[in-house]
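This is what each chain is made of:
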Amino acid sequence: MPATTRPPGSDSDEPIRRAPKHRPDGTTPPPENDGLNDALEAIEEMVLNGTKLEQTGAYLKMMGLAQAYAVAEHRTYAQLQERSSVASPDDLLRLNLRSIVAEFGIHTNESDTALLNRAYDAHRLGTDFVVWLDPLREAAVTMRHARALLRHAGIVPDARLDEYAVKVLEFAKGETVAATDAFARKLAAELGAEEFEAAFEHEYQARHVTIEDREFGMSRITADVPTLQAHAMYDLMNKQAKALREDNVNEADEHRRRVREAQARGEELSPADSEFVEDQRTVRQLLADLFVETFLTTTPQSMHEHEAKGGSRVNATVSIVIPVLNLLNPDAPRDVATINGMTPISMTEAREMASKAKCFQRILTDPITGHVLTVDSRHATPSMRRFLQARDQVCRFPGCRRPAHQSELDHTKPWAAGGKTDVENLGHLCPKHHTLKHQRPWECEQLGGGKVGWKTPRGEWVTVEPAPVGPIFKPVDDQGDDAINDPAPF
């Protein structure tokens with residue numbers, strides 16, 4: 001049977017053609033003699049050298065971030081000596097460290113939060129896990145192995161940290177990152193059994209759900225919930241999906257049998273068989289659909305027990321930006337619909353949602369720049385907020401992607417210093433960067449059209465420009481000026 005590639009979206013429960021596991025005579029194939037092995041040796045050396053350089057670079061970056069942490073500590077200590085601070089020493093240290101690494105992130109295209117976490121990891125490695133430093137420098141293990149070590153170290157008692165570090169290091173030297181992570185998780189639970197229970201309670205209190213927008217109009221929802229509940233949820237949905245898939249397959253088989261019998265008798269198909277459409281969804285696809293349907297079509301037990309008695313007390317709000325030409329005419333040149341002006345979604349899905357909308361809000365965009373000009377509204381202040389949310393889309397700090405509707409409006413020139421409440425003096429900053437702007441020497445100024453110029457603490461200027469939310473019309477060069485014979489532009 002010839003080998004085939006598993007199609008996207010298929011799963012292990014579906015039959016698929018595979019290459020035979022054994023040769024007919026039971027022997028092992030001889031080595032390839034196509035002359036390509038010499039080339040593969042050179043390619044392997046290239047890959048290994050690149051890996052070594054990558055690991056060396058990661059080590060140097062880790063050491064640099066550890067030193068940045070030390071500078072932040074020194075600066076924090078000096079500030080505490082000079083004056084009393086409203087913030088705790090830990091919060092002040094975090095603020096100083098964020099200000100330092102945010103400037104690094106401008107050049108590395110990384111968020112300050114990611115670099116901040118890496119800096120804390122680097123400090124922890126150099127403080128509590130010194131035994132890992134030489135193997136990291138020699139590329140015997142990678143920073144990804146080290147992060148697996150750190151990920152589970154929180155529940156290990158201080159008296160057993162050295163034992164934990166040595167055992168995980170010896171394991172990691174010959175194993176993959178995934179295997180090291182599993183080993184470190186189990187070892188940490190064994191060494192800190194009592195701490196494990198306390199850590200579970202802490203993590204349980206921090207349970208939450210996050211959403212990550214991905215490519216081509218798809219998003220990923222992640223829930224941090226107790227493992228027992230997670231496995232129970234998945235097992236239930238998996239069993240339901242398999243049962244549905246089996247029912248769909250049986251229903252399709254029965255339909256084909258009835259079609260064959262009707263053809264054999266020369267009879268017409270029944271109305272039901274004439275309109276039958278086979279449900280070809282795989283188990284994996286059914287799993288995803290059941291997940292969505294469970295949340296959107298059922299009422300949680302907590303809501304049944306609430307005084308609202310099952311009635312929804314909160315309505316989800318999602319802003320969908322749809323180019324009006326595509327909304328009016330499905331055959332118009334295709335543009336992209338977006339969630340909150342940022343994340344692309346299917347135009348078909350957007351039109352379906354628009355058909356159910358109770359009202360529309362008109363957003364006019366500049367045909368040259370694509371930036372928002374105005375938004376219909378009765379009240380001035382809400383109108384300005386909608387305008388600025390549509391214009392900014394995200395936090396205006398360099399590299400930050402926090403959505404504008406989850407951020408705070410900031411007066412670029414502070415109100416206390418005479419700044420006006422005007423769209424040209426307002427912009428969105430997430431709480432972290434709002435604090436950073438006012439508490440650390442980061443300066444910014446509005447450059448018009450939503451552009452913001454930032455001056456870093458060490459004097460470098462960076463410009464942040466909002467992405468256009470509407471179509472952009474560009475002038476065409478070499479156009480004649482025959483106003484009579486030239487065709488109309490529309």
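Below, the structure is looked at part by part.

**What to know about the overall build of the chain**
Piece 1. Looking only at helices and strands, the chain features 16 helices and twelve strands.
Piece 2. Looking at the chain as a whole, 29% of its 490 residues are labelled buried.
Piece 3. When contacts within the chain are restricted to residue pairs at least 6 apart in sequence, those whose partners lie at least 24 apart make up 51%.
Piece 4. Summed over its atoms, the accessible surface of the chain is roughly 33500 Å², and 55% of this surface lies on carbon and sulfur atoms.

**Structural notes on the side chain of Asn96**
Piece 1. Looking at the element boundaries, Asn96 is found in helix H2 (residues 89–108).
Piece 2. A residue is classified by how much of its surface remains accessible, and Asn96, at 1% relative accessible area, is buried.
Piece 3. In contact with Asn96, not counting residues within four places along its chain, are Ala72, Arg75, Thr76, Gln79 and Arg440.

**Here we look at the packing of helix H6 (residues 161–172) against helix H7 (residues 177–191)**
Piece 1. Contact geometry of H6 with H7 gives a least axis separation of 10 Å together with a crossing angle of 155 degrees. Our classification of the angle between H6 and H7 gives roughly antiparallel. Between H6 and H7 lies a crossing whose hand is right-handed. Note on element contacts: H7 touches H6 through Ala179, Thr180, Phe183, Ala184, Leu187, Ala188 and Leu191, opposite Glu163, Tyr164, Lys167, Val168, Phe171 and Ala172.

**Points about helix H5 (residues 143–151)**
Piece 1. Those residues of H5 not exposed but buried are Met143, His145, Ala146, Ala148, Leu149 and Leu150.
Piece 2. Contact partners of the buried residues in H5: helix H1 (37–82), helix H3 (112–128), helix H4 (133–137), H6 and H7.

**Let's talk about the packing of aromatic side chains**
Piece 1. Tallied over the full model, the rule gives seven aromatic pairs.
Piece 2. For the ring pair Phe171 and Phe183, a centre distance of 4.2 Å and an interplane angle of 5 degrees mean the geometry is stacked. Pair noted here: Phe171 is in helix H6 and Phe183 is in helix H7, with a separation of twelve residues, a long-range link.
Piece 3. The partly exposed category is assigned to Phe171, whose relative accessible area is 26%.
Piece 4. Clustering of aromatic rings is evident, with ring pairs tying together Phe397, Trp442 and Trp454.
Piece 5. The ring of Tyr204 has Arg207 lying over it, and the distance from NZ or CZ to the ring centre is 4.0 Å.

Rules and cut-offs
- Residues numbered from 1 in each chain as written.
- Predicted model: local features only at pLDDT ≥ 70, side-chain atom pairs only at ≥ 80, totals over all residues.
- Heavy atoms only, no water.
- Helix = DSSP H or I, 4+ residues; strand = E, 2+ residues; numbered from the N terminus.
- Buried < 20%, exposed > 50% of the residue type's maximum accessible area, 1.4 Å probe, protein only.
- Contact = heavy atoms within 4.5 Å.
- Areas by Shrake-Rupley, 256 points an atom, 1.4 Å probe, with all protein chains shown as cover.
- Axes fitted to C-alpha atoms, helices over the stretch in contact; angles between N-to-C directions.
- Parallel < 35°, antiparallel > 145°, perpendicular 65-115°, else oblique.
- Left-handed = near helix turned anticlockwise from the far one by under 90°.
- Phe/Tyr/Trp six-rings, centres within 6.5 Å; stacked < 30°, edge-to-face > 60°.
- Lys NZ or Arg CZ within 6 Å of the ring centre and 35° of its normal.

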